[in-house]
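# A structural walkthrough
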Amino acid sequence: MIETHDLSKQFHDFMAVDGVDLSVKEGQILALLGQNGAGKTTTVRMLTALLEPSRGWARVAGYDVMKNGHDVRASVGVLTEHHGLYMRMNALEYLEFFGRVYGLSPSMRKSRRDNLLEYFGLAEAAKRRIGEYSKGMRQKLALARAMMHDPGVLLLDEPTSAMDPESARLVRDEIARLKSSSRTIVLCSHNLTEVEALADMIAIIYRGRILLQGTLEELKQKALGLPEYTIQFAGAWDAGRLELPKGAELLEKTATSLKVRVEAPREVNPQILKILSSQSAPVMAFQEEARTLEQVYLKIMADAKGSMYVQ
Amino acid sequence: MFNKLQPMWLVSMRELRDQFRDWRVLAPMVVLTLGFPFLMNVFANQTVDFLNQFGASLIVERFVPFSVMIIGFFPITVSLVVALESFVGEKERGTIEPLLNAPFDDWQLYFAKLLVGAITPLIASYLATGLYLVMIHREGIALPAPVLLFQLLLLTTAHAVLMVSAAIVISAQSTSVKAANLLASFIVIPVAILMQGEAVMLFWGNEDVIWMAIAGVTIISLLLIRVGIAHFQREFLLGREIDVLNLKWMWDTFWSNFRGGAQSVGAWYRKVFAPAFRRTLPAVFLVVLVTGVSVWMGYDWVQTNVSDVLANAPAEEVERLKENFRELPDLAVLRGQINAPFLFFNNTRAVALMLLAGLFSFSVLGILIYMVNIALIGGLYAMLALLGMPAAEIYLAGVLPHGILEIPALLFGGAAVLYVGAGIVTPQVGKSMGEVVIELLADWAKIFIGLILPLLAAAALIETYVTPGILVWALGG
């Protein structure tokens, strides 16, 4: 649904995006992570045919962004950094307007509009001027606008940034539902917990270049190395005679625990358990050392900047 | 076609509804639309009473159309705010991006803004004019003739479209509402000057000239719309870099285009000047045609209008005029009156003036200045012929020696202005309007410095030191 190759954008002598290759399939969520000004918005704007790439190409929903800008825009729903709401309109008028802009039939407009307002808890405030809405309500309405024409591709910039936890949860659920109904989503966010929960693929962009991309597991492995596991025993156990299988490395040994690094956990971990079980080890817990996306992100950024502020 | 127009209509109607919910737009419009006609009516009554005391009925008769034009103009100036902030206002409020992300073509968005920008001032303008006409009718003051009234209606519409289309261009190219409002003086002041000219025409009472004014304003409006669409790019509307007045960048862009990397004058002529000259060739051919037409128009105008004047003029006046022309081949007089630097400066100024006038009118005014200058050649020839003088000989001896260089110099000047004007209204993808204008100006400068100045310098020297001698030799004896 979204594919780019060598996608680049130069503004005079400033390279805003440099050689971005992305591939997001139907039903996948790609999270684009990076600092402010890293090139996320420029990338999204190229994907919506707002900016013309200086180099490379991009296809969105089957259309070339340079040749079929009109079709690209018709197939994409975008939540922008600025929500772009008309303050003198009410929510009903606003969604009705965009429904008409995207060519929806009157009945479709009504049903989409009512459903979205209901889902996002805006039905009661639907006839109030948008200017009177809270920040969170405005963000929900902007998201409703992006979804109004039920697009196959959604490009969402900070979809929950101004929301209370309850509303944010509502939006996350909706994004997950959209994913399960085969929508392709690009999510730009600084909320790493949200990204961890939602994204299938993650791309980290720095100064216009993709530093790293892949699944969360791949990123963890690339940035932080092989996964590490702690094996906790119910009491003291002598591990002196223990022979680990190939692909596992013993890092630390105490009377009540072991710490191992594993190359291919799917294959190796069951073997370790089998060995421990055969030696009647009183295994109480076998768990992966916690490695969050935040650690991955900070490590990659630190490496990129050449600084060592990450512990 | 209807499907293509529908999105445009949608955007226009939404914005129109928004405007009518904004008291800051509504209040001045209502006051001007409803209040100004009353004021003008009172003023008209006072003026009519005053003029009637002196039996100046003709001025009274012409005053009413003038008032109608003014009444129609004022609501347009206030409503201009709407057009001025059409794009840049949305950009500042952050509402432009969802609109740009919507499946509109550029022209649909542009025309939607143009439509909504023009509807409000036109409604206000027509209302105010109608109200004023009703008032003066009730006062017993004669209404203008239907044709004149129709002309005034068209003129008001043309003014509105002209101002709104210029405002939309400014709005699409500005980065803040404040900057757009400041730039609005570039609309209001020229239009106010234009209206002074139109007021003179109304008092003169020549219908044909008013038609020409309507046609002229309409042409400029269409060119402005063309410019707006040609340079409307979603990318530059969102870009951050266009809000910076970067003089260094402007100069660097101009200089790199002008110099083109040439290391010597010869290389510059070969590699930089020659391609620029080739680019202006279509304009040169067009200006050659314009030259022919202008010469003929000057000749024809003098033949048509001056022959009657001469026929009815007293014989001694005509004789004195002939004497003046006969005194021309006096070398001492001629050498005292002309000098090369003066001639060179004068002609250079004319070419520069053509560019300046052309820049603000997409070459229309620049070409008009050229036409007037060239028409003088035909007009003078006709005048000499009417006075029974040897026009052909005088031209061969007094114009040809330096004219062979001076006229082509002016012609290339006209062509360069036409080239710049055409370039401004031509879409150029991937370039901002500023870049396009700077590149065009660099091309103009290449023609001006590389060709026109040398021709004018040589022409001025010939006109000072050679032409008078030939003229005396040919005719003085």
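What follows is about the nonpolar core. It is characteristic of soluble globular proteins that their nonpolar side chains tend to be buried jointly. One finds A:Leu141 and A:Ile202 to be the most contacted residues of the largest nonpolar core, which totals 168 residues. No other element matches helix α7 (residues 146-173) of chain B, which puts 14 residues into this core. Grouped together as the second largest cluster of nonpolar side chains are 29 residues, A:Val17, A:Leu47, A:Ala58 and A:Ala203 included.

Residue and element names in this part refer to chain A. One open sheet holds the six strands; their spatial order is β6-β7-β8-β3-β9-β10, and the pairing between them is mixed. Where the open sheet ends on each side, the last strands, each with one partner, are β6 (76-79) and β10 (209-214). The sheet shows a mean angle of 15° between the axes of neighbouring strands, direction not considered. In the sheet, strand β3 (residues 29-34) pairs with strand β8 (residues 184-188) via four bridges, with the strands oriented parallel. Looking at the pairing, Ile29 lines up with Ile185 of β8. Relative to the sheet, helix α5 (residues 135-147) contacts β6 and β7 (153-157), its axis offset from that of β6 by approximately 170°. Across the sheet, helix α6 (residues 165-180) is in contact with β3, β7 and β8; its angle to β8 comes to roughly 145°.

So, about the interface of chain B and chain A. Opposite the 25 residues of chain B that make contact, chain A presents 28 residues. Approximately 2700 Å² of surface area, both sides summed, lies buried where chain B meets chain A, with 58% of it carried by carbon and sulfur atoms. Looking at the side of chain B facing chain A, the largest losses of area belong to B:Arg21, B:Asn101 and B:Pro103, adding up to 24% of the total buried there. At the surface where chain B touches chain A, the tally comes to three salt bridges. Ionic pairing is found between A:Glu93 and B:Arg21, a salt bridge with its closest N-O pair at 2.8 Å. Where chain B touches chain A, the interface holds 10 residue pairs in polar contact (both at pLDDT 80 or more). Of all the secondary structure elements, the ones that give two or more residues to the side of chain B that touches chain A are α1 (2-19), α5 (96-101) and α11 (234-238) of chain B. Of all the elements, α5(B) adds the most residues to the side of chain B that touches chain A, at five residues.

This part covers the pattern of salt bridges. Residue and element names in this part refer to chain A. Summed over all chains, the structure comprises 31 salt bridges over all chains. Of the charged contacts, one joins Asp18 and Arg209 as a salt bridge, the two residues approaching to 3.1 Å between their closest N and O atoms. In this pair, Asp18 sits in strand β2 (residues 14-24) while Arg209 sits in strand β10, placing the two residues 191 residues apart along the sequence. Take Asp18: its relative accessible area is 17%, and that puts it in the buried class. With a shortest N-O distance of 3.4 Å, Asp114 and Arg113 are connected by a salt bridge. When its relative accessible area of 28% is taken as the criterion, Asp114 is described as partly exposed. Exposure remark for Arg113: the relative accessible area of 14% places this residue in the buried category. Taken together, the salt bridges that share partners define one network made up of Glu96, Arg109, Lys110, Arg113 and Asp114.

Here chain A is partitioned into domain 1 (2-221) and domain 2 (228-288). Look at where the C-alpha atoms of domain 1 of chain A and domain 2 of chain A centre, and you get two points 44 Å apart.

Residue and element names in this part refer to chain A. The sheet built from four strands is open, its strands ordered β12-β13-β11-β14 with antiparallel pairing. Taken across any chain shown, the strands that pair with only one partner, and hence form the sheet edges, are β12 (248-253) and β14 (283-288). Recorded for the sheet is a direction-independent mean angle of 25° between the axes of neighbouring strands. When strand β11 (residues 228-233) meets β14, the two strands line up antiparallel, connected through five bridges. Following the sheet pairing, Thr230 is matched in β14 by Gln287.

Positioned with a positive phi, A:Ala49 is a non-glycine residue whose angle comes to about 65°. By secondary structure assignment, the location of A:Ala49 is in the loop between α1 (40-47) and β4 (55-60).

A separate point is the confidence of the model for chain B. Note: predicted coordinates in regions of low pLDDT should not be interpreted at a detailed level. Chain-level statistics for chain B give a pLDDT mean of 84 and a share of 93% at 70 or above. In the predicted assembly, ipTM is 0.81 and pTM is 0.75.

Moving on, we get to the pairing of β7(A). All names here are of chain A. Within β7, five of the five residues are buried, which leaves it mostly tucked inside the rest of the structure. Burial along β7 is two-sided: Val153, Leu155 and Asp157 facing one way and Leu154 and Leu156 facing the other are all buried. As defined by bridge partners, β6 adjoins β7 across four bridges and the pair is classed as parallel. Directly across from Val78, in β7, lies its bridge partner Leu155. Where β7 meets β8, five bridges bridge the pair, whose relative direction is parallel. When the sheet's bridge partners are listed, Val153 is paired in β8 with Thr184. A crossover connection joins β7 to the parallel β8 through α6; in handedness this β-α-β unit is right-handed.

It is worth spelling out a nonpolar patch on the surface at this point. Residue and element names in this part refer to chain B. The grouping of Tyr126, Val147, Phe150, Leu153 and Trp211 at the surface amounts to a nonpolar patch, some 450 Å² of accessible area in total. Per-element accounting of the nonpolar patch gives the leading share, three residues, to α7. Turning to its location among the elements, Val147 is positioned in helix α7.

Attention now moves to the domain arrangement of chain B. Residues and elements named next belong to chain B. As far as domains go, chain B holds domain 1 (2-243) and domain 2 (247-476). Computed from C-alpha coordinates alone, the two centres of domain 1 and domain 2 are separated by 36 Å. Taken residue by residue, the interface counts 12 residues in domain 1 and 16 residues in domain 2. At the junction of domain 1 and domain 2, the tally comes to zero salt bridges. On inspection of domain 1 and its partner domain 2, the count reaches zero residue pairs in polar contact (both at pLDDT 80 or more).

Analysis parameters
Residues numbered from 1 in each chain as written. Chains lettered and ligands numbered in written order. Predicted model: local features only at pLDDT ≥ 70, side-chain atom pairs only at ≥ 80, totals over all residues. Heavy atoms only, no water. Core = buried A, V, L, I, M, F, W, Y, C linked by side-chain atoms within 4.5 Å. Buried < 20%, exposed > 50% of the residue type's maximum accessible area, 1.4 Å probe, protein only. Helix = DSSP H or I, 4+ residues; strand = E, 2+ residues; numbered from the N terminus. Pairing = 2+ DSSP bridges. Axes fitted to C-alpha atoms, helices over the stretch in contact; angles between N-to-C directions. Contact = heavy atoms within 4.5 Å. Buried area = accessible area lost by both parts, 1.4 Å probe. Salt bridge = Lys/Arg side-chain N within 4 Å of Asp/Glu carboxyl O. Polar contact = N/O pair within 3.5 Å; in protein donor to acceptor, adjacent residues only side chain to side chain. Domains from an automatic or database assignment. pLDDT = per-residue confidence, 0-100. Right-handed = clockwise from strand over helix to strand, strands pointing away. Patch = residues over 30% accessible without salt bridge, like charges linked within 9 Å, V, L, I, M, F, W, Y side chains within 5 Å. Areas by Shrake-Rupley, 256 points an atom, 1.4 Å probe, with all protein chains shown as cover.

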